[in-house]
Amino acid sequence: MAKAVGILGIEGTIENLTFYRRDGKLFVRRKGGVSKHRIETDPNYVRTRENMNEFKQSATSGRLLRVALHGLVIKAKDNRLSSRMFQTMFRIKNLDATSARGNRRVAIGLSTPAGKTCLKGFDFNANAPLKGVLFAPFDLEPTSGAIAFTGFISAAELLFPEGATHASIQVAALAIDFDTAFSEITYSAIENFTLSMTPSTFSLTPSSLPSGGAVTIFLLHVAFYQEVGGVQYPMKNEEFNVLNIIEVL
């Protein structure tokens, strides 16, 4: 790498030289790198090809999950969701102990208890993790997907943003197969309530349990609103909302 001096103001590539700025200074370097054909065919790059295959598989699986949950994810996510999801899928892929290196799959890793544990508890919005927002105990009934809250005091058992007057909770069940790209999702009704010290008891049950997937994922969504003139408006582009994977079966 060389440093360009004088009045030279070029940025970009000319023939085999690339000019670029870093920290306000202009540098130049020779274009290089290994050709795509060599990476795809040279025996010396077999490990690289294996890593590329598994990176692609993990990225595709993460995207499949985000797309399957788009209706909820759009309401509760952070700007690093894609990369965090990729990292989680990559760890799950590593739990595939039956496939050869380069062909390990998320679907097989997720079929193991350790794989399910790896995905359980994932927060789609790292700025609003479930454990840091909801402090009320709840139970999941896996045969129906129902979640029950007993004596829930919303103003005391939710960490809500300043200005919020209302909140809502919803449960979803997702059947998904990362090998076939199949997915089906069902939802419970939305429980909407005023933030207050009055205890309430309610349960949320998906309309049905989806079938056809290799695994079933249960999710909990919490959203906050401010009521103005009888209309509830989402709080600050919904950056305080929660979406958490509470169980993987």
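First, a word on what this report is: a plain description of the structure on this page. (Residues numbered from 1 in each chain as written. Predicted model: local features only at pLDDT ≥ 70, side-chain atom pairs only at ≥ 80, totals over all residues. Heavy atoms only, no water.)

Focus: the environment of Ser61
Using the following cut-off: A run of H or I in DSSP counts as a helix once it spans at least four residues, and a run of E counts as a strand once it spans at least two, with each numbered from the N terminus. Partly exposed describes any residue whose relative accessible area lies between the buried limit of under 20% and the exposed limit of over 50%, with all areas from a 1.4 Å probe on protein chains only and scaled to the type maximum. By the convention used here, residues are in contact when the closest approach between their heavy atoms is within 4.5 Å. For the purposes of these results, a polar contact is taken to be a pair of N or O atoms within 3.5 Å, where, inside protein, one atom must be able to donate a hydrogen and its partner to accept one; residues adjacent in sequence count only when each atom of the pair is a side-chain atom.
Along the chain, Ser61 falls in helix 2 (residues 46–68). You can call Ser61 buried: its relative accessible area is 2%. Considering only alpha carbons, one finds Ser61 and Lys93, 32 residues apart in sequence, at a separation of 9.7 Å. Not counting the four nearest positions on each side in its chain, Ser61 is found in contact with Met89, Val106 and Phe178. Here the side chain of Ser61 touches Gln57 through a polar contact of 3.0 Å, landing on its backbone oxygen.

Focus on the environment of Asp96
Looking at the secondary structure, you find Asp96 in the loop between helix 4 (81–93) and helix 5 (106–110). Given the relative accessible area of 3%, Asp96 is considered buried. In this structure, the C-alpha to C-alpha distance between Asp96 and Ser111, residues 15 residues apart in sequence, is 8.7 Å. Residue contacts for Asp96: discarding those within four places in its chain leaves Asn103, Arg104, Arg105, Ile108 and Gly109.

A word on the nonpolar core
Selection criterion: Among buried residues, the Ala, Val, Leu, Ile, Met, Phe, Trp, Tyr and Cys ones that are joined through side-chain atoms within 4.5 Å form a nonpolar core.
The biggest cluster of nonpolar side chains holds 27 residues, and the ones touching the most others in it are Leu65, Phe124, Ile176, Phe178, Ile217, Leu219 and Ile245. Broken down by secondary-structure element, the contributors of at least two residues to this core are helix 2, helix 3 (70–73), helix 4, helix 5, strand 7 (166–177), strand 11 (215–228) and strand 13 (242–248). Counting 25 residues, the second largest nonpolar core, distinct from the first, contains Phe149, Phe218, Leu220 and Met235.

Some remarks on unusual backbone geometry
For Ala181, which is not glycine, the phi torsion reads 70 degrees and is therefore positive. With respect to the helices and strands, Ala181 occurs in the loop between strand 7 and strand 8 (182–187).

Quick word on the sheet that holds strand 5 (residues 139–141)
Either a parallel or an antiparallel arrangement is found when strands of a sheet pair, and the pairing is made through backbone hydrogen bonds. Note the threshold: Strands were regarded as paired on the criterion that DSSP finds at least two bridges between them. The convention used is that axes are lines fitted to C-alpha atoms, helices contributing only their stretch in contact, and that angles between N-to-C directions extend from 0 to 180 degrees.
Reading across from one edge, 5-6-10 is the order of the three strands in this open sheet, with antiparallel pairing throughout. In this open sheet, the two edge strands, each paired with only one partner strand, are strand 5 and strand 10 (200–204). Neighbour-to-neighbour, the strand axes of this sheet turn through a mean angle of 15 degrees, independent of strand direction. Strand direction decides the pairing type here: strand 6 (residues 146–152) and strand 10, joined by four bridges, are antiparallel. Counted as the bridge partner of Phe152 is Ser200 from strand 10.

Let's talk about the packing of aromatic side chains
One pair of aromatic rings is described through two measures. These are the centre distance and the angle between the planes. Under the convention used in this document: Aromatic contacts are taken between Phe, Tyr and Trp rings whose centres are within 6.5 Å, Trp giving its six-membered ring; a plane angle under 30 degrees counts as stacked, one over 60 as edge-to-face, and the others as tilted.
Under the criterion given, the structure shown has 10 aromatic pairs. Relative to Phe149, the ring of Phe138 has its centre 5.6 Å away and its plane inclined at 45 degrees; by these criteria the two rings are tilted. In this pair, Phe138 sits in the loop between helix 7 (130–133) and strand 5 while Phe149 sits in strand 6, placing the two residues 11 residues apart along the sequence. What makes Phe138 partly exposed here is its relative accessible area of 25%. A residue is classified by how much of its surface remains accessible, and Phe149, at 1% relative accessible area, is buried. On the numbers, 5.5 Å between centres and 50 degrees between planes, the contact of Phe149 with Phe152 is tilted. In this structure an aromatic cluster arises from ring pairing among Phe138, Phe149, Phe152, Phe193 and Phe202.

These figures come from the coordinates and say nothing about function on their own.
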